[in-house]
Amino acid sequence: MSLPVSFLSDFGHDDEFVGVVHGVLAKLAPESRVIDVGHGFPPGNIRAGALALVRAIQYLPEGVCLAVVDPGVGTSRKALAMVTDWGYFVGPDNGLLSPAVAMIGGASRIVAIENPEAMIPSPGETFHGRDIFAPAAGLLASGEATLDDLGPELSGDEVTPLLLPLTESTETTISGAVWWIDRFGNAQTNIAPEELSLIGLSPGEVLTVRVGASLHNLKWVTAYGEVDDGESLIHVDSAGLMAIAVRGGRAAEDLNIYEGVSVTLARTAVVEK
Amino acid sequence: MSLPVSFLSDFGHDDEFVGVVHGVLAKLAPESRVIDVGHGFPPGNIRAGALALVRAIQYLPEGVCLAVVDPGVGTSRKALAMVTDWGYFVGPDNGLLSPAVAMIGGASRIVAIENPEAMIPSPGETFHGRDIFAPAAGLLASGEATLDDLGPELSGDEVTPLLLPLTESTETTISGAVWWIDRFGNAQTNIAPEELSLIGLSPGEVLTVRVGASLHNLKWVTAYGEVDDGESLIHVDSAGLMAIAVRGGRAAEDLNIYEGVSVTLARTAVVEK
Amino acid sequence: MSLPVSFLSDFGHDDEFVGVVHGVLAKLAPESRVIDVGHGFPPGNIRAGALALVRAIQYLPEGVCLAVVDPGVGTSRKALAMVTDWGYFVGPDNGLLSPAVAMIGGASRIVAIENPEAMIPSPGETFHGRDIFAPAAGLLASGEATLDDLGPELSGDEVTPLLLPLTESTETTISGAVWWIDRFGNAQTNIAPEELSLIGLSPGEVLTVRVGASLHNLKWVTAYGEVDDGESLIHVDSAGLMAIAVRGGRAAEDLNIYEGVSVTLARTAVVEK
């Protein structure tokens, strides 16, 4: 029985990189369904890939997760394969897999992919997606290999974590950052609604929202329809995080929000300029 | 027996939206083939998605059509599931599905998707593609649900139509608009060759073509090869509509044509500046 | 038994072209797996598509290769179907398929696709990907047709080759060109490491590299990790060709390299400005 493979990368759609990985998977696991989680993440942006994976993982069919955002290819960074309650994770040891693996409950076993027999020989050391990660994913998906066939075991503390910005709270404010602007111009923060509850804020209230140096009064709604077209709002988005949006518009451009900008949320009039 | 699912959206390829919908479909209908009709339509552009769907539908395998261009998500717009001679259509009630459903011969039964048991619970009301439309499509594709399991029946006149610009004719002219510039710079109009026949025009003739404020004399050819490289032309395109092209060039840039610009076709010298 | 189909085109991801071809394949070969090799090649750029195909072909599962970069659609250029040791190749007769077919060992039989019964009737002569190439690929993949069902046989010398720039060597230098800038800004040349061996150069040396009018001293490394972050280098890339890269950077922008620019490699201090 072949496992489905969910594949995420920063390979983009202008070259044949994604297609070649699909080819390797099709040769090694011809019965496996392959799902493209996304390949348009900014080249080398580990955090963008990791955040997408953590948002996506619970919706993907259990099986093999192959993720390659790998600015350290050709250096000493390890190649990882892990097993979790969800299934296998395969990718570079740079933090890319860590948040999703943690959300799934952690890895019960981790190996470094080092066995040359599990790799495709290559003239160059630049396309480990094709030569190392896809073969490992394909062999695991088809059942042709187990973790033990790939390389030596690692302990969990040998794996690189992903350092994500934390939120900070006072008695009246929660501060964090925007960590994703999506295609529709919505700005997802790293602030959870539970944090707002702890300082006494709840849906229906108008919050004072500082984004960088700008102040906005935004209603905390549960659906876009609660404000008028063109009006800005704050709400819990589809990943369960506080996000700033504009009904029928693009918050990023309309309110000058960009990835990484600081955000502070508070009861109206509490935040000072 | 699982039905194939054809999936169109405006989700783009920079985020994980398309991949997450594939994940939901793979979980609910693991045997269904999923065809990506296209996801690069401009965000929120219902007409662009609807026109692509009507051009594509006859080439897609009968089964389930899942289409999500949904600027009204989080408002009172309904979620629709319909059955037609081609198969099922699932998507928002905003006109997106209407031209394709009409071309297929109309829907014999329509429901509003309202049954929470057919949805994925979500923290936010912004990703109905994942939480409402994909589950409905997956359940219909796998045969786990019928329309009756999704929600209450609607009558056809409760469904939002798509208002498309009509052509206007005089005894000597047909006027319409450009409604698609494709990747190759070709400009498709909403004018059918049959309309030109009615005013006595036929292939091989040189037509006077007014595009916005510019006049061109263009030969009505049946293949690019009938004009020289770099020469502009008018012809019946692969969707059966009059289109302006440049052999070896890009009509959009070369002749300054854009989506929505007005077009008038006539026998040479009939149109005045 | 259905064959997998590997599909490459310049159709991009903004329209429904790729999806419609998938639809045609799904109707004709419902059991065939379809692999998207890539669709983002510059419109009409036969060389870019051909080079991607030759880089990819050995990693794709044997079966049917459908490739459509077809600026000559609607002219007298032929539509080809060929059989090789790898499997079938289907595409326009413009050189697109030639390097990959040559790499596979050449075609043992070639036909021109001319049988109308193997095509989809169409109102226009602009979308042969949908109307001619996809049907041929689908019929070959499903086993519903053999080459003989598609049209008359051609001899190998009737097929259009792809003219690629050759390298030139002196006793101390090898000159060629950059023929691919990838998503990560790496610059692949058409120079093979074997050519450098012939003039006595080997990995570990610092080469003098002239790119256009600029001179660089670049170490020939076997992995990025041999230089510091931000440092430029030359190496054998994943396709086995000499390529210029910057660890943690983008050679294209950092060193002002573009597709087609001339490149000369030599032992340090041999090349003059």
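In this report, we go over the structure that sits alongside the text. (Residues numbered from 1 in each chain as written. Chains lettered and ligands numbered in written order. Predicted model: local features only at pLDDT ≥ 70, side-chain atom pairs only at ≥ 80, totals over all residues. Heavy atoms only, no water.)

What to know about the overall build of chain A
So the rule is basically this: Going along the chain from the N terminus, every DSSP run of H or I of four or more residues is numbered as a helix, and every run of E of two or more is numbered as a strand. The buried label applies to any residue whose accessible area, calculated with a 1.4 Å probe on protein chains only, is under 20% of its type's maximum; exposed applies above 50%, and partly exposed to all values in between. Contacts are assigned to residue pairs that have any heavy atoms within 4.5 Å of one another. Every accessible area reported is derived by Shrake-Rupley at a probe size of 1.4 Å, with residue values counting cover from the shown protein chains alone. We treat Lys and Arg as the positive residues and Asp and Glu as the negative residues; His and chain ends play no part in the count. Charge coordinates come from a single atom per side chain, which is NZ of Lys, CZ of Arg, CG of Asp or CD of Glu.
A tally of regular secondary structure across chain A gives 6 helices and 15 strands. The C-alpha extent of chain A, read off along each of the three principal axes, is 65 × 35 × 35 Å. Here chain A, with 273 residues, has 60% of them falling under the buried criterion. When contacts within chain A are restricted to residue pairs at least 6 apart in sequence, those whose partners lie at least 24 apart make up 65%. With the model as given, the accessible surface of chain A reaches about 10,500 Å², and the carbon-plus-sulfur share is 50%. Where the 15 positive side-chain charges of chain A centre and where its 35 negative ones centre are 6 Å apart.

Comments concerning the interface of chain A and chain C
Inclusion rule: Accessible surface is computed with a 1.4 Å probe, and the buried area is the amount of it that two parts give up when combined, taken over both parts together. Basic side-chain nitrogens of Lys or Arg form a salt bridge, by our definition, when they fall within 4 Å of a carboxyl oxygen of Asp or Glu. Any N or O atom pair separated by 3.5 Å or less is treated as a polar contact, with the protein-specific requirement of one donor-capable and one acceptor-capable atom, and with residues adjacent in sequence counted only for side-chain atom pairs. When residue character is reported, Ala, Val, Leu, Ile, Met, Phe, Trp, Tyr, Cys and Pro are called nonpolar, Asp, Glu, Lys and Arg charged, and the others, Gly included, polar.
Each side of the interface is counted separately: chain A has 37 residues, and chain C has 32 residues. In this assembly, chain A packs against chain C so that about 2,500 Å² is buried in total across both faces, 58% of it on carbon and sulfur atoms. For the pair chain A and chain C, the number of links is 1 salt bridge. Between Arg 55 of chain C and Glu 16 of chain A there is a salt bridge; the shortest N-O distance is 2.6 Å. Where chain A meets chain C, there are 15 residue pairs in polar contact (both at pLDDT 80 or more). Residue assignment for the side of chain A that touches chain C shows that the elements contributing at least two residues are α1 (17-28) and α4 (128-142) of chain A. Grouping the amino acids of the side of chain A that touches chain C by side-chain chemistry returns 15 nonpolar, 13 polar and 9 charged.

Some thoughts on the relation of the copies chain A and chain B
Counted only if it meets this: The atoms used to superpose the copies are C-alpha atoms, taken from residues with pLDDT of at least 70 in both, and the fit is least squares.
Each copy superposes on the other: chain A lies on chain B with an RMSD of 0.0 Å after a rotation of 120° and an axial shift of 0.0 Å. Here the copies are linked by what is in effect a three-fold axis. Minimal C-alpha separation from the rotation axis in chain A is found for His 13 of chain A, amounting to 4.9 Å. Interface residue correspondence from chain A to chain B reaches only 12%, placing this contact among heterologous pairings that use different surfaces.

Quick word on the environment of Ser 108 of chain A
Residue and element names in this part refer to chain A. Checked against the element boundaries, Ser 108 lands in strand β6 (residues 107-112). Look at Ser 108 and you get exposed, because its relative accessible area is 63%. For the pair Ser 108 and Trp 180, spaced 72 residues apart in sequence, the C-alpha to C-alpha distance is 30 Å.

A short note on the nonpolar core
Let me state the cut-off plainly: As used here, the term nonpolar core means buried Ala, Val, Leu, Ile, Met, Phe, Trp, Tyr and Cys residues forming a set that is joined through side-chain atoms within 4.5 Å.
Ranked by internal contacts, the top residues of the largest apolar core, which has 70 residues, are Phe 89 of chain B together with Val 64, Leu 66, Val 90, Ile 113 and Leu 150 of chain C. At 8 residues, helix α4 (residues 128-142) of chain C tops the list of elements feeding residues into this core. Once you skip the residues sitting within four places of it in the chain, Leu 150 of chain C turns out to touch Ala 81, Val 111, Ala 112, Ile 113, Glu 114, Asn 115, Ala 118, Ala 136, Leu 140 and Ala 145 of chain C. Counting 69 residues, the second largest nonpolar core, distinct from the first, contains Val 101 of chain A together with Ala 79, Ala 137 and Leu 139 of chain B.

Overview of the side chain of Glu 205 of chain A
Inspection of the secondary structure puts Glu 205 of chain A in the loop between α5 (193-198) and β11 (206-211). A distance of 2.8 Å separates polar atoms of two side chains, one belonging to Glu 205 of chain A and the other to Arg 267 of chain A.

Observations regarding the interface of chain A and chain B
Of the residues lining the interface, 32 residues belong to chain A; the matching set on chain B comes to 37 residues. Buried area between chain A and chain B, summed over both chains or domains, comes out near 2,500 Å², and the portion from carbon and sulfur atoms is 58%. Contact with chain B buries surface across chain A, with Arg 33, Tyr 59 and Arg 183 of chain A losing the most and accounting together for 31% of the total. For the pair chain A and chain B, the interface holds 1 salt bridge. Joining chain A to chain B, the criterion identifies 15 residue pairs in polar contact (both at pLDDT 80 or more). Where the side of chain A that touches chain B is concerned, the elements lending two or more residues are β2 (34-38), α2 (46-56), β9 (173-181) and β13 (232-236) of chain A. Ranked by residue count, the leading element in the side of chain A that touches chain B is β2 of chain A, at 4 residues.

A short note on the packing of helix α1 (residues 17-28) of chain C against α4 of chain C
Residues and elements named next belong to chain C. Applicable threshold: Between the N-to-C directions of two axes lies an angle of 0 to 180 degrees, each axis being a line fitted to C-alpha atoms and, for a helix, fitted only over the stretch in contact. Each crossing gets its hand from how the near helix is turned against the far one by less than a right angle, where anticlockwise is left-handed and clockwise is right-handed.
Where α1 meets α4, the axes come as close as 8 Å, and the angle between the chain directions of the two elements is 35°. Helix-helix and strand crossings are classified by hand; for α1 and α4 the assignment is right-handed. Across the interface between the two elements, Val 20, Val 21, Val 24, Leu 25 and Leu 28 of α1 pack against Gly 129, Arg 130, Ala 134, Pro 135, Ala 137, Gly 138, Leu 139 and Ser 142 of α4. Residues of the contact of α1 with α4, tallied by class, amount to 9 nonpolar, 3 polar and 1 charged.

Notes on the packing of aromatic side chains
Let me state the cut-off plainly: Working definition: a ring pair exists when centres of Phe, Tyr or Trp rings (six-membered ring for Trp) sit within 6.5 Å. Plane angles under 30 degrees give stacked, over 60 give edge-to-face, the rest tilted.
Taken as a whole and assessed by the stated rule, the structure comprises 21 aromatic pairs over all chains. Seen from their ring centres, Trp 86 of chain B and Phe 89 of chain B are 5.3 Å apart, and the 50° between their planes marks the pair as tilted. For Phe 89 of chain B, a relative accessible area of 0% puts it in the buried group. Ring centres 5.7 Å apart and planes at 85° place the aromatic pair Phe 11 of chain C and Phe 127 of chain C in the edge-to-face group. In this pair, Phe 11 of chain C sits in the loop between β1 (5-9) and α1 while Phe 127 of chain C sits in the loop between β6 (107-112) and α4, placing the two residues 116 residues apart along the sequence.

Comments concerning the pairing of strand β13 (residues 232-236) of chain B
Residue and element names in this part refer to chain B. Worth spelling out the cut-off: In this scheme, strands are said to pair when DSSP sees at least two bridges between them.
The buried fraction of β13 is high, at 5 of 5 residues. Side chains Ser 232, Ile 234 and Val 236 project from β13 onto one buried face, and the interleaved Leu 233 and His 235 project onto a second face that is buried too. Across 3 bridges, strand β12 (residues 214-221) lies against β13 in parallel orientation. Bridge pairing links Lys 219 to Leu 233 in β13. Where β13 lies against strand β14 (residues 242-246), 5 bridges are found, and the strand directions are antiparallel. Each residue of the ladder has a partner; that of Ile 234, found in β14, is Ile 244.

Observations regarding the sheet that holds strand β6 (residues 107-112) of chain B
Residues and elements named next belong to chain B. In space, the 7 strands of this open sheet follow the order β2-β1-β3-β5-β4-β6-β7, with mixed pairing throughout. Every interior strand has two partners, whereas the edge strands, β2 (34-38) and β7 (153-154), have only one. Sheet topology places strand β1 (residues 5-9) next to strand β3 (residues 63-68); 5 bridges connect them, and they run parallel. Of the residues in β3, the one forming a bridge with Ser 6 is Cys 65. Set on the sheet, helix α1 (residues 17-28) makes contact with β1, β2 and β3; between it and β1 the angle comes to about 155°. On the sheet, helix α2 (residues 46-56) packs against β1, β2 and β3 and is oriented at approximately 150° with respect to β1.

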